[in-house]
Amino acid sequence: MADEKVNESAAPVARRDFLLGAGTAVAAGLAPASASGTEESKAAPASVPTTEPDAFVTLTAPEAAFIVAAVDTIIPADELSPAGSECGVAVFIDRQLGSDWGGGAKVYRSGPFLKGKPEQGYQLALTPREFFSAGITAANEWTRKSYGKDFDRLSAAERAQALKAMDEGTAQFAGFGSRAFFGQLLSITMAGFFSDPIYGGNRDKVSWKMLGFPGLPAIYADKVDAYRDKRYVAEPQSIADFS
Amino acid sequence: MATRLKEVDAVMVGMGWTGAILARALTKSGLNVVGLERGADRNPADAFALTRVRDELRYVVRLELMQDNSIDTITFRNEPEDMALPIRRFGAFLPGEGVGGTGIHWGGLHWRNLPADFRIRSLLTEKYGAKAIPETMTIQDWPVGYPDLEPFYDRFDKLCGVSGQAGNLRGTITPGGNPFEGPRSDDYPNKPIKTGVAPAMFGEAAKSLGYHPFPLPVATSSAPYVNPEGITLGRCEYCGHCNRTACEANAKASPNVNVLPVLRADPRFELRTRVFVTRLVYDRQARRVTAVLYTDLKTGEEYEQPAGLVVLSSFVFGNTQQLLLAGIGEPYDPRTGKGVVGKNYCYQFEAGGVAFFEGREFNPFMGAPGMSVAIDDFNGENFDHSGLGFFGGGYIACSNGGAPPISGRATPHGSPRWGAGWKQATVKWYRSNTRFNTQGSVYAHRNNYMDLDPTYKDALGRPLIRMTYNGTENDHKMSRYLVGKLEGIVKAMNPTHYEMHYRPKNFTVVPYQSTHNTGGTMTGSDPKTSVVNRYLQAWDAHNLFIQGASVFPQQHGYNPTGTVGALAYWSAEAITTKYLRSPGPLVSA
């Protein structure tokens, strides 16, 4: 299939039009009227990853070391992207675990806390922040027993092997399900790699570039037919690009 | 001690689609109406605004618009002998919270039931014999027919600005539409929205097999449209962010955009948000609900709001729970089969698949649920069930709802889930896969029901509602049949690779499946076997009208909102033209 490169900057959606809803909602008088947009053209997309060192506000030092090692194993550096932590995924996880969500917001947390069937879903009393803390502790205990070292001290090959054992549930954590832990670890890592960069991950929109996901503004009414079976390429834009 | 407020003409318990439709009809008839909503106000100018709504993490992953389970949830078990445990965070289904309810974050797929669906028990008996329906299958005829509801389906289509292709216009089968649908008195308000590349391929393949493909009807306007309330809707921008999110273009229908602007400007309507209705005050002697008790979550104050008319317009679980707490109607007991409140809980039996087409470019981020193509050849009684060993069916579709990067990626089964191999597979297949689904019916079973949980309580101290549900043998057979038909179409599309997704044996509350829960306060023609009459008026409280999918006797093979909206208009018409003139039972028991 032909790759049709499109220079979106030749016909950018004006920032203000986008904020006001480029569809006919403007005419309908229903579109958000509070946008603080001005008439100048949009700022150049951020293209330089932050040079400041990663600092953690939620994770302890050993937890942060584990998370960095884990996300770099789940998302290794290669020709498609830098390693997970270089993309900001560890910082993303740190901030998420410190957020309302990390503290268990919107979760029913009354007892009794009983072990149910898998069909009944998560039944632990732990918040996400507490769950990761307990999981990391259990994972490091297990790698110390199996490899003689904390997870982050293992070689790249050993780390991959250790995560595979957790993924398959063969890693015997003391008092904690290794498979459930890995499931949550994988899920938050993917969220950090692919979410809008506003949360600290997906720096420089690296995963969106990798996929060819254009991000915002996502106004395609006149593009659906023009790009039938033709690759639509646009420089991805994020929330910050319109803020 | 609750503060007693001044009586109002009518009070709505919940301000989603049905609360908004009923409030609008009642204020138009001159009533003063109070709308009570336990969640936040959601005004499109703030809540649907760019750039905020393009945040997949906030809406799709962290479920910004969904019910706060820290305050209220439900408990769940597969079988009556299991211990039910609380769903600590919703997963399989996602009821919304706040003004607009689940009507904000839905995908907008907009269907009517088949005419035959409304008399399914009688029809199956006629066609397959008196003993054909298993004793455990507690399906019932609706007390309304398709011709009764058709004008109200039409009214809701127009409110929403539905886009679609008519298949049966006043009895004439029109090409390109769904030939199985009931006769429509009028065409869809808007032309179908654009069809995606993969759904078009699905349509061609379906046609080659002799089926009847058509564009999925959707409550998203394909062009600017002025609805009968005088509200102008925007045009769909194919942004790919419909599901779990609001529509900033005001193209996808929601109570907030399509009705509430008129209500908000009406001095007869008053909206109270962050107020949690804890109980209906029921006068058993007078067979009336005299008031509703609620707690203002902003202050902790408790109020008693007397009302002449009470509309229960919350979600399926809340509607059923309110009746059980107030002692209105006889609770259902699965051991004896007696009682009605909580009976015939049904879900939607979805299954499907995914196919990969190497080298194709689907630009999957350009999406809207209505870019999809469906066939209805295997829904309801559109096909003969002789010898199949099951009843029911569903539509089969190739969907094109968008592919946001956290949740919208797919790789062939067996690909690595992480590491370098995962990344390569993800990049290879992201732009060239497509998904399919089968929207299976759920025919009620004696053991699937709701009651009050004996152990767990909500934040206001009330027992949680308990759901006992598992997939039945009938529904599993039905679903395997649909997936088999789907597989035939997928093969005819000639993919590089495909896989079919069957339902697991046991229903699980963990991965998302469908928010289509129904039943618990079902409608019927006999008070012994139903909770509300054909006008959705409670048999045991003549000034209580119960709205929404909780009145469905069973779940048919369609998304429920189209029928929910039609029933709301039908019920509103009965209230304003019959009940208000002569308050009392509209159907003699």
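Residues numbered from 1 in each chain as written. Chains lettered and ligands numbered in written order. Predicted model: local features only at pLDDT ≥ 70, side-chain atom pairs only at ≥ 80, totals over all residues.

Caption draft 1: Main features of the overall build of chain B. Secondary structure assignment for chain B yields 13 helices and 23 strands. Its C-alpha atoms give chain B principal-axis dimensions of roughly 70 × 60 × 50 Å. Long-range contacts, defined here as pairs at least 24 residues apart, represent 75% of the contacts in chain B between residues at least 6 apart. (Helix = DSSP H or I, 4+ residues; strand = E, 2+ residues; numbered from the N terminus. Contact = placed C-beta atoms within 7 Å.)

Caption draft 2: Focus on the overall build of chain A. When helices and strands are tallied, chain A shows 8 helices and 2 strands. Counting over 243 residues, chain A shows a buried share of 43%. Across chain A, the fraction of contacts at a sequence separation of at least 24, relative to all contacts at a separation of at least 6, is 58%. (Buried ≥ 20, exposed ≤ 12 C-beta atoms within 10 Å, placed from the backbone.)

Caption draft 3: Highlighting the interface of chain B and chain A. Opposite the 65 residues of chain B that make contact, chain A presents 65 residues. Of all the elements in the fold, those that place two or more residues in the side of chain B that touches chain A are helix 2 (44-47), helix 3 (56-61), strand 5 (85-86), strand 10 (232-233), helix 11 (420-429) and strand 19 (449-457) of chain B. A breakdown of the residues in the side of chain B that touches chain A according to their chemical character gives 32 nonpolar, 16 polar and 17 charged. (Nonpolar A, V, L, I, M, F, W, Y, C, P; charged D, E, K, R; others polar.)

Caption draft 4: How the structure looks around the sheet that holds strand 17 (residues 394-399) of chain B. Residues and elements named next belong to chain B. Spatially, 8-16-17-18-15-21 is the arrangement adopted by the 6 strands of the open sheet, whose pairing is antiparallel. For this open sheet the edge positions go to strand 8 (214-215) and strand 21 (497-501), each flanked by a neighbour on one side alone. The pairing of strand 8 with strand 16 (residues 373-375) spans 2 bridges and is antiparallel. Along strand 16, the bridge assignment pairs Pro 215 with Val 373. On the sheet, helix 7 (residues 197-208) packs against strand 16, strand 17 and strand 18 (433-440) and is oriented at approximately 25 degrees with respect to strand 16. (Pairing = 2+ DSSP bridges. Axes fitted to C-alpha atoms, helices over the stretch in contact; angles between N-to-C directions.)

Caption draft 5: Examining the sheet that holds strand 4 (residues 74-77) of chain B more closely. Taken in spatial order, the 4 strands make up an open sheet running 5-4-20-19 (chain B), and their pairing is mixed. With one partner strand each, in any of the chains shown, strand 5 and strand 19 of chain B form the two edges of the open sheet.

Caption draft 6: Region of the structure containing the packing of helix 1 (residues 17-28) of chain B against helix 13 (residues 561-579) of chain B. All names here are of chain B. Between helix 1 and helix 13, whose axes approach to 9 Å, the crossing angle comes to 25 degrees. By the angle class used here, helix 1 and helix 13 are roughly parallel. For the crossing formed where helix 1 meets helix 13, the hand is right-handed. Between helix 1 and helix 13, the contacting residues are Trp 17, Thr 18, Ile 21, Leu 22 and Ala 25 on the first element and Thr 561, Val 564, Gly 565, Ala 568, Tyr 569, Ala 572 and Thr 576 on the second. (Parallel < 35°, antiparallel > 145°, perpendicular 65-115°, else oblique. Left-handed = near helix turned anticlockwise from the far one by under 90°.)

Caption draft 7: Structural context of the pairing of strand 12 (residues 275-283) of chain B. All names here are of chain B. In terms of strand pairing, strand 12 meets strand 13 (residues 288-296) through 8 bridges, oriented antiparallel. Across the sheet, the residue bridging to Tyr 282 is Val 289, located in strand 13. Between strand 12 and strand 13, which pair antiparallel in sequence order, lie 4 residues; one of them, Arg 287, sits at a positive phi of approximately 50 degrees.

Caption draft 8: Quick look at unusual backbone geometry. All names here are of chain A. Of the consecutive residues Gly 111 and Pro 112, the connecting peptide bond is found in the cis state with omega at 0 degrees. With respect to the helices and strands, Pro 112 occurs in the loop between helix 4 (89-97) and helix 5 (128-147). Of note in this structure, Lys 106 is not a glycine but carries a positive phi near 65 degrees. Relative to the helices and strands, Lys 106 resides in the loop between helix 4 and helix 5. Its identity is not glycine, yet Ala 218 carries a phi of approximately 60 degrees, on the positive side. If you trace the backbone, Ala 218 turns up in the loop between helix 8 (206-211) and strand 2 (231-232). Judged by the 26 C-beta atoms lying within 10 Å of it, Ala 218 falls in the buried class.

Caption draft 9: Region of interest: the environment of Thr 468 of chain B. Examined against the element boundaries, Thr 468 of chain B turns out to sit in strand 20 (residues 463-468). Taking the C-alpha atoms as reference points, Thr 468 of chain B and Pro 80 of chain B, 388 residues apart in sequence, are found 6.3 Å from one another.

Caption draft 10: Fine view of the environment of Asn 474 of chain B. All names here are of chain B. If you trace the backbone, Asn 474 turns up in helix 12 (residues 473-492). Judged by C-beta crowding, with 22 C-beta atoms within 10 Å, Asn 474 ranks as buried. Not counting residues up to four positions away in its chain, the partners in contact with Asn 474 are Met 137, Phe 390, Phe 391, Gly 392 and Tyr 443.

Caption draft 11: Here's a closer look at the environment of Ile 74 of chain B. Residues and elements named next belong to chain B. Along the chain, Ile 74 turns up in strand 4. For Ile 74, a count of 29 C-beta atoms within 10 Å corresponds to the buried category. Not counting residues within four places of it along the chain, the set of residues in contact with Ile 74 comprises Ile 87, Phe 317, Leu 464, Ile 465, Arg 466 and Met 467.

Caption draft 12: Looking closely at helix 4 of chain A. Residue and element names in this part refer to chain A. Extensive coverage of helix 4 is indicated by the burial of 8 of its 9 residues. Regarding helix 4, the residues found buried are Val 89, Ala 90, Val 91, Phe 92, Ile 93, Asp 94, Gln 96 and Leu 97. Check the buried side of helix 4 and you find it contacts helix 3 (61-74), helix 5 and helix 7 (178-194).

Caption draft 13: Representation of the confidence of the model for chain A within the structure. Scored by pLDDT, chain A comes out at a mean of 85, with 79% of its residues at no less than 70. With pLDDT under 50 throughout, residues 21-46 of chain A is counted as low confidence; its partners more than four residues away or in other chains account for 56 contacts. (pLDDT = per-residue confidence, 0-100.)

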